[in-house]
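These are the residues of each chain, in order.
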Amino acid sequence: MALMRGGTAVVQDHVALAEIELCGELIIAASAAEEERLSPDRIDEVLKVTAERRETS
């Protein structure tokens, strides 16, 4: 992990790792699902998106 001026690289590394973790969770959920695709509600559940947040988007 390289630390650049202002700590930008460190922040980007944390964001990238979080995105990779979320993608992994979606892949696991999709591979375990019986249906061909995950529903938007199931995706929100896997990503821990609350109903309140969905309404404001």
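The model shown is predicted, which means the values in this text are computed figures rather than measured ones.

1. Regarding the overall build of the chain
- For the chain, the count of helices and strands is 3 helices and 0 strands.
- When the elements of the chain are put in sequence order from the N terminus, they spell out α-α-α.
- Of all 57 residues assigned to the chain, the portion counted as buried reaches 11%.
- Accessible surface, the chain as shown: approximately 5100 Å² in total, 56% of it carbon and sulfur.

2. Looking at unusual backbone geometry
- A positive phi is found at K48, a non-glycine position, where the angle reads about 60°.
- Mapping K48 onto the fold places it in the loop between helix 2 (40-46) and helix 3 (51-56).
- For K48, a relative accessible area of 70% gives the class exposed.

3. Remarks on the pattern of salt bridges
- Following the criterion strictly, the structure yields 1 salt bridge and no others.
- A salt bridge links R42 to E45, with the nearest nitrogen and oxygen atoms 3.0 Å apart. Placement of both R42 and E45 in helix 2 is noted, with a separation of 3 residues, approximately one turn of the helix.
- On the basis of relative accessible area, E45 is assigned to the exposed category, the value being 55%.

4. Details of the confidence of the model for the chain
- For the chain, per-residue confidence averages 82 on the pLDDT scale, and 68% of positions sit at 70 or higher.
- Looking at the elements of the chain, mean pLDDT is at its lowest for helix 3, recorded as 61, and at its highest for helix 2, recorded as 93.

5. Topic: the environment of A29
- Topologically, A29 is positioned in helix 1 (residues 8-32).
- Between the alpha carbons of A29 and V46 there is a distance of 7.2 Å; along the sequence they are 17 residues apart.
- The residues touching A29, leaving out its near neighbours within four places in the chain, are L38, R42 and V46.

Cut-offs and rules
- Residues numbered from 1 in each chain as written.
- Predicted model: local features only at pLDDT ≥ 70, side-chain atom pairs only at ≥ 80, totals over all residues.
- Heavy atoms only, no water.
- Helix = DSSP H or I, 4+ residues; strand = E, 2+ residues; numbered from the N terminus.
- Buried < 20%, exposed > 50% of the residue type's maximum accessible area, 1.4 Å probe, protein only.
- Areas by Shrake-Rupley, 256 points an atom, 1.4 Å probe, with all protein chains shown as cover.
- Salt bridge = Lys/Arg side-chain N within 4 Å of Asp/Glu carboxyl O.
- pLDDT = per-residue confidence, 0-100.
- Contact = heavy atoms within 4.5 Å.

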